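# Report on the structure
Here's the letter readout for the chains.
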Amino acid sequence: MEGFGSDFSAGGAGGKVDTGTIMEQVKVQIAVANAQELLQRMTDKCFKKCIGKPGSTLDNSEQKCIAMCMDRYMDAWNTVSRTYNSRLQKERARM
């Protein structure tokens, strides 16, 4: 978390810390970290699946494989994410 301390300085309104602002900044940082992890995992999996011999360029079949792999990975991730969020909402409604 680069610059973590500088984003949360309490020098503003009489030294008070706005917890709402801090919570939003933390949520944004978590979302960015999750997106980076998703991209890294997708890249690793699709590279292993599609690239037989790494070189300076990708041939047509490798390009198509990478594109399809990334599309499928994102579709699967979106499905899991929607299902997870739906279950969370149902659980919250029960409480």
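As the structure is a prediction and not an experimental result, all values here were calculated from the model.

Thresholds, definitions, all that
- Residues numbered from 1 in each chain as written.
- Predicted model: local features only at pLDDT ≥ 70, side-chain atom pairs only at ≥ 80, totals over all residues.
- Heavy atoms only, no water.
- Disulfide = S-S within 2.5 Å.
- Helix = DSSP H or I, 4+ residues; strand = E, 2+ residues; numbered from the N terminus.
- Buried < 20%, exposed > 50% of the residue type's maximum accessible area, 1.4 Å probe, protein only.

Further remarks concern the state of the cysteines. Going through the model one piece at a time under the given rule, you end up with two disulfides. The residue that forms a disulfide with cysteine 46 is cysteine 69, at a sulfur-sulfur distance of 2.0 Å. Linking cysteine 46 and cysteine 69, the disulfide has an S-S dihedral of approximately -85 degrees and is accordingly described as left-handed. With cysteine 46 in helix α2 (residues 19-50) and cysteine 69 in helix α3 (residues 60-94), this residue pair connects regions lying 23 residues apart in the sequence. Of the two residues, cysteine 46 and cysteine 69, both sit in the buried class. For cysteine 50, the disulfide goes to cysteine 65, at an S-S distance of 2.0 Å. With the S-S dihedral at roughly -70 degrees, the linkage between cysteine 50 and cysteine 65 falls on the left-handed side. Highlighted residues: cysteine 50 in helix α2 and cysteine 65 in helix α3, separated in sequence by 15 residues. With a relative accessible area of 9%, cysteine 50 lands in the buried category. Numbered by position along the chain, the disulfide-linked cysteines of the protein chain connect as 1-4, 2-3.

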